[in-house]
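# Structural features, examined
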Amino acid sequence: MCLICQKKRRETISLLETLGLLKQKHQTICEQCATQFASITLSCSGCGRQQEHNELCYDCCRWQNQGQLLLTHQALYVYNDAMHDYMQRYKFNGEYALRHVFNRQLIQAVQNIEIDLVVPIPVSQYTLLTRGFNQTLGLFEGLRYQQLLSVSQAKKTDQSRFNRQKRLTRAQPFVIANHTSLSGKSVLLIDDVYTTGRTLYYAAELIYTLGAKNVKSLSLAR
Amino acid sequence: MNNYYGRQIVNPKIASVPAGIIVRPAFISGICQRCGQQQLAPLPNQQFYCLACLSLGRVSSLDVLWSLPEPNAFAHHEMTLTWQGTLTAQQRLVSQALIDTLGAQQEHLVWAVTGAGKTEMMFPVISHALQAKQRVAILSPRVDVIVELAPRIATAFNTTPMAVLYGTQEENYRYTALVLATTHQMLRFKSAFDLLIIDEVDSFPYVNNAMLAYAVKQAKKAESTVIYLTATPTKIMKKRAERREINVSYLPLRFHQHPLPTLNVSLVGRWRKKLPQKLLRQLRQFQKRMQRFLIFVPRVADTLVIYRKISQRFPDMLGDFVHAGDVSRQQKVQNMRDEKIQYLVTTTILERGVTFPGIDVLILGAEEETFSENALVQIAGRVGRDNKRPTGLVRAYVQHINLKVLAAKRQIKLMNRRGATLGGKR
Ligand SMILES: [Zn+2]
Ligand SMILES: [Zn+2]
Ligand SMILES: [Zn+2]
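Starting from 1, residues in each chain are numbered consecutively following that chain's sequence as written. Here chains are named by letter from A upward and ligands by number from 1 upward, in the order in which they appear as written. Given that the model is predicted, a residue must reach a pLDDT of at least 70 before its local features are reported, and side-chain atom pairs must reach 80 or more before they are shown or counted; all residues, however, enter totals for whole chains, interfaces and linings. As a rule here, side-chain values cover all heavy atoms of the structure and leave hydrogens and water aside.

Now for the pairing of strand β13 (residues 220-230) of chain B. Residues and elements named next belong to chain B. In terms of burial, β13 is a largely internal element, eight of the eleven residues being buried. One requirement defines pairing of two strands: DSSP has to find at least two bridges between them. Numbering goes from the N terminus for both helices and strands, where a helix is a DSSP run of H or I of at least four residues and a strand is a run of E of at least two. Two strands pair when backbone bridges link them, and strand β8 (residues 107-112) and β13 are joined in this way by five bridges, in the parallel orientation. Along β13, the bridge assignment pairs Glu107 with Val226. Bridge count between strand β12 (residues 193-198) and β13: five bridges; the pairing is parallel. Using a 1.4 Å probe on the protein chains alone, a residue whose accessible area is under 20% of its type maximum counts as buried, one over 50% counts as exposed, and one in between counts as partly exposed.

Turning our attention to the coordination of the zinc ion (ligand 2). Residues and elements named next belong to chain A. For Na, K and Ca the donor cut-off is 3.2 Å, and for all other metals it is 2.8 Å, counting N, O and S atoms only; because water is absent from this set, sites may look incomplete. At 2.3 Å from the zinc ion (ligand 2) lie its protein donor atoms, namely Cys44 (SG), Cys47 (SG), Cys57 (SG) and Cys60 (SG). Because the angles between the four donor atoms bound to the zinc ion (ligand 2) fall within 104 to 114 degrees, the donor set is best described as tetrahedral. All donors of the zinc ion (ligand 2) come from a single chain, and their spacing in sequence reads C-x2-C-x9-C-x2-C. Of this pair, Cys44 sits in the loop between α2 (31-34) and α3 (58-65) while Cys60 sits in helix α3; the two residues are 16 residues apart in sequence, bridging distant segments of the chain. Accessibility classification places Cys44 together with Cys60 in one group, the buried group. Every geometry call rests on angle ranges, with four donors termed tetrahedral when all angles are between 85 and 135 degrees, four termed square planar and six termed octahedral when opposite donors are over 155 degrees apart and all others are between 65 and 115, and everything else termed irregular.

Time to look at the packing of aromatic side chains. By convention, a stacked pair of Phe, Tyr or Trp rings (six-membered ring in the case of Trp) has centres within 6.5 Å and planes under 30 degrees apart, an edge-to-face pair has planes over 60 apart, and any other such pair is tilted. Applying the stated rule across the entire model yields 22 aromatic pairs over all chains. With a centroid separation of 6.1 Å and an interplanar angle of 65 degrees, the aromatic rings of Phe37(A) and Tyr77(A) are classed as edge-to-face. Of the two residues, Phe37(A) sits in the loop between α2 and α3 while Tyr77(A) sits in strand β1 (residues 74-77), which places them 40 residues apart along the sequence. Across this residue pair, the class does not change: Phe37(A) and Tyr77(A) are buried. Residue class for Phe37(A) comes out buried when judged on its relative accessible area of 11%. Clustering of aromatic rings is evident, with ring pairs tying together Phe37(A), Tyr77(A), Tyr86(A), Tyr90(A), Tyr96(A), Phe102(A) and Phe133(A). In this scheme, Lys NZ or Arg CZ marks a charge over a ring once it lies within 6 Å of the ring centre and within 35 degrees of the ring normal. The positively charged end of Arg7(B) is found above the aromatic ring belonging to Phe189(B), 4.6 Å away from the centroid.

Residue and element names in this part refer to chain A. Around the zinc ion (ligand 1), the protein supplies Cys2 (SG), Cys5 (SG), Cys30 (SG) and Cys33 (SG) as donor atoms, at distances of 2.3 Å. Each of the four donor atoms around the zinc ion (ligand 1) contributes to a set of angles spanning 103 to 115 degrees, which defines the coordination as tetrahedral. Along the chain, the residues that donate to the zinc ion (ligand 1) are spaced as C-x2-C-x24-C-x2-C. Placement of the pair is Cys2 in the segment before α1 (15-18) and Cys33 in helix α2, with a sequence separation of 31 residues. Given a relative accessible area of 12%, Cys33 falls into the buried group.

A word on the sheet that holds β12(B). All names here are of chain B. Strand order in this open sheet of seven strands is β10-β11-β9-β12-β13-β8-β14, and the pairing throughout is parallel. For this open sheet the edge positions go to β10 (162-165) and β14 (247-251), each flanked by a neighbour on one side alone. Each strand of the sheet is rotated relative to its neighbour by a mean of 15 degrees, with strand direction disregarded. Bridge analysis of β10 against strand β11 (residues 178-182) gives four bridges, and the strand direction is parallel. Bridged to Leu165 within β11 is Ala181. With respect to the sheet, helix α1 (residues 89-104) is in contact with β8, β12, β13 and β14, its orientation differing from that of β14 by roughly 165 degrees. Convention adopted: a line fitted to C-alpha atoms gives each axis, helices being fitted over their contacting stretch, and angles between N-to-C directions are expressed from 0 to 180 degrees. The criterion used for residue contact is that any of the two residues' heavy atoms lie within 4.5 Å.

Turning our attention to a positive patch on the surface. Residue and element names in this part refer to chain B. A surface patch of like charges, here positive, comprises Lys274, Lys278, Arg281, Arg284, Lys288 and Arg313. When residues of the positive patch are assigned to their parent elements, the largest contribution, four residues, is made by helix α6 (residues 277-289). Tracing the backbone shows Arg284 in helix α6. Residue classification places Arg284 among the partly exposed residues on the basis of a relative accessible area of 38%. Put simply, a patch holds well-exposed residues, over 30% relative accessible area, that have no salt bridge, with like charges counted together within 9 Å and Val, Leu, Ile, Met, Phe, Trp or Tyr side chains within 5 Å. Surface accessibility follows the Shrake-Rupley procedure with a 1.4 Å probe radius. Residue values consider only the protein chains on display as shielding. Basic side-chain nitrogens of Lys or Arg form a salt bridge, by our definition, when they fall within 4 Å of a carboxyl oxygen of Asp or Glu. For the purpose of charge, His is not counted, nor are the chain termini; Lys and Arg are scored as positive and Asp and Glu as negative. Positions of charges follow a simple convention, taking NZ of Lys, CZ of Arg, CG of Asp or CD of Glu.

This part takes up the pattern of salt bridges. All names here are of chain B. Overall, the coordinates contain 20 salt bridges over all chains when judged by the stated rule. Where Glu70 meets Arg135, a salt bridge forms, and the shortest distance between an N and an O atom there is 2.7 Å. With Glu70 in the loop between β7 (63-67) and α1 and Arg135 in the loop between α2 (118-131) and β9 (136-140), this residue pair connects regions lying 65 residues apart in the sequence. Assigned by exposure class, Glu70 and Arg135 land together as buried. Residue Glu107 pairs with Arg240 through a salt bridge whose shortest N-O separation is 2.8 Å. Of the two residues, Glu107 sits in strand β8 while Arg240 sits in helix α5 (residues 235-242), which places them 133 residues apart along the sequence. By relative accessible area, which is 23% here, Glu107 ends up partly exposed. Each of the salt bridges in this network shares a partner with another, and the network as a whole consists of Glu107, Arg240, Arg243 and Glu245.

Turning our eyes to something else, we now look at the domain arrangement of chain B. All domain edges in this entry derive from an automatic or database-based domain assignment. What the domain assignment lists for chain B is domain 1 (7-68), domain 2 (89-251) and domain 3 (264-422). Relative placement of domain 1 of chain B and domain 3 of chain B: their C-alpha centres are 45 Å apart.

Next up on the list: the interface of chain A and chain B. Counting residues at the interface gives twelve residues for chain A and ten residues for chain B. Buried area: the sum, over both parts, of the accessible surface (1.4 Å probe) that disappears when the two are put together. Taken together, the two surfaces of chain A and chain B that pack against each other cover about 970 Å², and 59% of this comes from carbon and sulfur. Summed over the three residues of chain A that lose the most area to chain B, namely Asn93(A), Tyr96(A) and Leu129(A), the buried surface amounts to 43% of that side. Viewed at the interface, chain B and chain A are joined by zero salt bridges. In the analysis that follows, any N or O atom pair within 3.5 Å is treated as a polar contact, provided that within protein one partner can donate a hydrogen and the other can accept it, and provided that, for residues neighboring in sequence, both atoms belong to side chains. Here chain A is connected to chain B by seven residue pairs in polar contact (both at pLDDT 80 or more). Of the residues that constitute the side of chain A that touches chain B, the class distribution is six nonpolar, four polar and two charged. Polarity classes work like this: nonpolar for Ala, Val, Leu, Ile, Met, Phe, Trp, Tyr, Cys and Pro, charged for Asp, Glu, Lys and Arg, and polar for all others, with Gly in that last group.

Turning to the nonpolar core, a few remarks are in order. Of all hydrophobic cores here, the largest spans 101 residues; its most connected members are Ile126(B), Leu350(B) and Ile363(B). When sequence neighbours within four positions are dropped, the list of residues in contact with Ile363(B) reads Leu263(B), Phe296(B), Phe371(B), Leu376(B), Ile379(B), Val394(B), Arg395(B), Ala396(B) and Tyr397(B). If you look at the next biggest cluster of nonpolar residues, it comprises 38 residues, including Ile190(A), Val193(A), Leu220(A) and Ala221(A). Residues grouped as a nonpolar core are buried Ala, Val, Leu, Ile, Met, Phe, Trp, Tyr and Cys residues, joined through side-chain atoms within 4.5 Å.

See below:
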């Protein structure tokens, strides 16, 4: 059954698959739904946004001018209508079962990046008591990680309610939950969606204070 | 606060509860208290949510249900019937029987041929209920039907506040005596309604759906009246009528007193390979007379293929194709209504609820599984709905005749015979 449209899929196993010569594909969604999502092919080397070339985009130049160490963010998919609908259902309607849709691809993507440890972007206590899950941990289920950050008590308000200007001027939303030394370590921050990058840069700032050598980031969508 | 009257609304456990609100658990031994089903999906930390009623917004073990008892706090003096039309003698009989049922708080099946004017027949009983400060819900399993009914009901009761509810949004809700909604929406109500009218009770997704049956059962008050409307009752409904568990009214005559068009059957070859000569001849006639028509096909994949073949043969005749998953479905149906196009190739989604005056209907592959006996009767009922053109052509093209096609023919004949004895035209 397709996790997105709920339609039954006909499982056609090829001869090679039956003979065990070709690994069976574990697809969670049907082909029709899959074609609605757009993979990012060529992107900005700073934020992973889909564009015609891999040079820094306008926003990343701005980050750099502000003295930020760029995250060299990677995202798997463009935040298009299909991704918007998916996020709406997964995150806002709380359909936790949808975490499986991109899980294998995300794990694969993490394994292709050279890093020492993974740190997820945390969610607030309020979110855990209403939504019931951290959407990022759901997406990356099965991955080993260290929960070094938590949302600071001054409640992290729902980001989607703010316009870009407000989001950019908001103060550091996170605190360090676990003071371990990260000296000489390469850290990967994981998140569900990269919107302005502000959230991830706030998180990176704290990770660097723990002594990390460099901080990269990865998200499902951009 | 009146938004909680007769309702059950999902709220997080941690939300602070206003005084007076009754809080019920969302799950009791794994059974969802909103929809009555046991179909759980896990959340972290031993929490879970209900998969069955997810389309109305998630209910999880982190939630509770808020409600307030229905007080029937309506200003009933403003709720008068503003409808100006008149009922036929037969419609009046049915209408009176419904008012009697309302007095006795029972169940009532109205078995009325398509185009009998079911909606108008309901107006007096709705008016009676509203006058008595009762809360009334008019339901259909199908969104299309609700959208089409809304303006008609609003005109008939134009001083009565009415909430029209469908889809996932909560925004349209306000506390009113009159509610028009999809059956699904009943999951948000609890012991609210004194009178429930369920249109197209035999149609998908209501039929054989335990959750929707539960939804209706808990949305009505313990003492209440339920009226079922259909042109093609299910076997179970017919049995209940035979056993007198439920009151029945028949209305075999259409509002213009003409009988239903009979189902003509033509044997053809493999029409998916090549459009049959008989069909082409019919289409040529339609083109000459500028006759508007629908072509029903069994599968979604057939819609495009058949439409292409027809438009190649008849490039001057404007048409389109439509199916349930079609994003421009509403627009295409509107184009047909506005007479911008002469025909539509469609799946069974247009089998009921939608009216195009003066059309003819062709059915390709009527013997195939997609078309049930009742679906064929409903499709035939698309024809002859206009006072100016009360008859029309219904032709089924089949590769072989089967019992189901014959049963549909017989059902139409039986209704027409019943109608004839009531003095209908022949
Ligand atoms: Zn799908
Ligand atoms: Zn960039
Ligand atoms: Zn439920």
